[in-house]
Protein chains: 2
Amino acid sequence: MTAGERSTDNGIECAGCPARAQSFCGAIPGRGLEALSRSRQLIQFYRRQTIVCQGAPAVSFFNVVSGIVKLYRSLSDGRTQIIGFCFPGDFFATSETDKYSTTAEAVTFVETCRFPRSRLKRLAHQFPELQTSLMERSFRHAAILEDQLVLLGRMTARERIVRFLLRYGAGPEDTKASAGRHIHLPMTRTDIADFLGLTSETVSRVLTSLARENLITVSVSHSVRLINVELLRRISCK
Amino acid sequence: MTAGERSTDNGIECAGCPARAQSFCGAIPGRGLEALSRSRQLIQFYRRQTIVCQGAPAVSFFNVVSGIVKLYRSLSDGRTQIIGFCFPGDFFATSETDKYSTTAEAVTFVETCRFPRSRLKRLAHQFPELQTSLMERSFRHAAILEDQLVLLGRMTARERIVRFLLRYGAGPEDTKASAGRHIHLPMTRTDIADFLGLTSETVSRVLTSLARENLITVSVSHSVRLINVELLRRISCK
DNA sequence: CGTGATATTGAATTGCATCAAGCTAAGTGG
DNA sequence: CCACTTAGCTTGATGCAATTCAATATCACG
């Protein structure tokens, strides 16, 4: 265990896990849960703490129980691109190679389950219902990455930021629903920029310009409220 | 069958398929091949022909036997982003939703195997060795998409184009090896641009500038030769 | 209340896009 | 076999969105 991470007692059983419904392990039937509880370690990380490091030997993968994790890749000159944010129920550091391809860092305080890397394959082998669910998950994941390719390759700064706000702030597709609700964005402006292929200055500028046009309000920097969701959706295009 | 596509007789058995070694079906053991042969249709497409259309009901998925397919998404105003090129052994149009999320179009004359969409899940269920291979494939695929995110989000036009040339023209990682070899690029400049998040003009300009610096030669527009692979690798960074 | 980190705002710069010609190569039909 | 057409490619001139550099402003936390 590297300095700073915290392993809590594993007394908590998987059966009672609040994240289980959204997690890959949700597909594991009850009879498998006890074994699962034994093969995982519950590990916590503080904000800014690195969980796994790009290029390091891939020994474990993780499931997010609570909090937000960012996955990113860095170029040698410091440019970084965030690949995605992981929320409760997402798993990460599932590499097919023997090295981690991305760095994972806690954006907030994070609780994770850690498993040996080989375990996923074994579990899938053991439980066919998990295997199906993993396949669905991977197709869904690929679709999200494809969305992001379009965003990075072809969208303007404004479109990118509006999409980001809608993605993380609006109920999926059902117009209206989410207008006026507060969105808490625990990541920094630089994080958002590194996710959207922009600079933090541009993120700032676009947010204030959206606020000037009464499409959103930014109370404190980590809290945004969507005002005109309809118009925002139109801006984010498709 | 839509107008223009060509279904050849299915007499050719999967057992003798030249693309099988690199394909998902390569993981299916001999005993399953006869059934596989029966469940697929061999379908050919001519250059520029649309294979499946973004938004259309997802009924089939395809495996490339020969030729190159491009997958792309279009925005309503015509901006398009190519998600990737599929080569022999790649499969595409595997959607988790009931609509295709990308359009697939033949870049060259293409031979494909078409399967009913539900078949993949059934096959995976039937053959555990396929299931493992699919999982590996999906992780590898995700890693490629992540690479492309970094490229689109953080790289300059020159870096993008050099990476593209190295990716499709150089043997994997083994420096030297591939210097001087001809690379045939059947896609248009616009295709390359749509893949790299650029315009065709920029692709042209960068290629001629690389040629002026004696890093590559461009004989006819679809044929490029890498001269200084070492330096190209340095430009493409990491 | 002070200090360092984060965010905003402004001004200047630039890399790539856009617009606009020409150029080239591959058909096509007389 | 050669003008004519057309699609794709190259090259140049100009514009602009986003970056870069720089100067505050604001926030979070001891």
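The present account deals with the structure reproduced in this document. (Residues numbered from 1 in each chain as written. Chains lettered and ligands numbered in written order. Predicted model: local features only at pLDDT ≥ 70, side-chain atom pairs only at ≥ 80, totals over all residues. Heavy atoms only, no water.)

Details of the packing of aromatic side chains
Residue and element names in this part refer to chain A.
Point 1. Per the stated rule, a full pass over the model turns up 28 aromatic pairs over all chains.
Point 2. On the basis of an interplanar angle of 85° and a centroid distance of 6.1 Å, the ring pair of Phe 85 and Tyr 168 is categorised as edge-to-face. Placement of Phe 85 in strand β6 (residues 80-86) and of Tyr 168 in helix α4 (residues 157-169) is noted, with a sequence separation of 83 residues between them.
Point 3. An aromatic cluster is defined as three or more aromatic residues linked by ring pairs; in this entry it consists of Phe 85, Phe 87, Phe 164, Tyr 168 and Phe 195. (Phe/Tyr/Trp six-rings, centres within 6.5 Å; stacked < 30°, edge-to-face > 60°. Helix = DSSP H or I, 4+ residues; strand = E, 2+ residues; numbered from the N terminus.)

Side note on the protein's contact with DNA strand D
Point 1. Contacts to DNA strand D come from 17 residues, most closely from Ala 157 and Thr 202 of chain A together with Arg 48, Ser 204 and Thr 208 of chain B.
Point 2. For DNA strand D, the fraction of atoms within 4 Å of the protein that belong to sugar or phosphate moieties is 61%.
Point 3. One of the backbone N or O atoms of Ala 157 of chain A is found 2.7 Å from a phosphate oxygen in DNA strand D.
Point 4. If you list the elements that add at least two residues to the surface near DNA strand D, you get α6 (200-212) of chain A together with α6 (200-212) of chain B.
Point 5. Top contributing element to the surface near DNA strand D by residue count: α6 of chain B, with four residues.
Point 6. Split by residue class, the surface near DNA strand D holds two nonpolar, nine polar and six charged. (Near = heavy atom within 4 Å. Polar contact = N/O pair within 3.5 Å; in protein donor to acceptor, adjacent residues only side chain to side chain. Nonpolar A, V, L, I, M, F, W, Y, C, P; charged D, E, K, R; others polar.)

Considering the nonpolar core
Point 1. If you look at the biggest cluster of nonpolar residues, it comprises 110 residues, and the most contacted ones within it are Phe 92 and Leu 165 of chain A together with Phe 92 and Leu 165 of chain B.
Point 2. Apart from the residues within four sequence positions on either side, Phe 92 of chain B is in contact with Ile 51, Phe 61, Phe 62, Val 64, Val 69, Leu 71, Cys 86 and Ala 104 of chain B. (Core = buried A, V, L, I, M, F, W, Y, C linked by side-chain atoms within 4.5 Å. Buried < 20%, exposed > 50% of the residue type's maximum accessible area, 1.4 Å probe, protein only. Contact = heavy atoms within 4.5 Å.)

Points about the interface of chain B and chain A
Point 1. Every contact between the two is made by 45 residues of chain B and, on the other side, 45 residues of chain A.
Point 2. Of the roughly 4100 Å² buried at the junction of chain B and chain A (both faces included), carbon and sulfur atoms supply 62%.
Point 3. If you look at where chain B meets chain A, you find ten salt bridges.
Point 4. Of the charged contacts, one joins Arg 73 of chain A and Glu 146 of chain B as a salt bridge, the two residues approaching to 2.9 Å between their closest N and O atoms. (Buried area = accessible area lost by both parts, 1.4 Å probe. Salt bridge = Lys/Arg side-chain N within 4 Å of Asp/Glu carboxyl O.)

Some details on the environment of Thr 199 of chain A
Residues and elements named next belong to chain A.
Point 1. Position of Thr 199 relative to the elements: it lies in the loop between α5 (189-196) and α6.
Point 2. Between the C-alpha atom of Thr 199 and that of Ser 39, which follows or precedes it by 160 residues, the distance is 41 Å.
Point 3. Polar contacts involving the side chain of Thr 199 include one to the side chain of Thr 202, which spans 3.0 Å.

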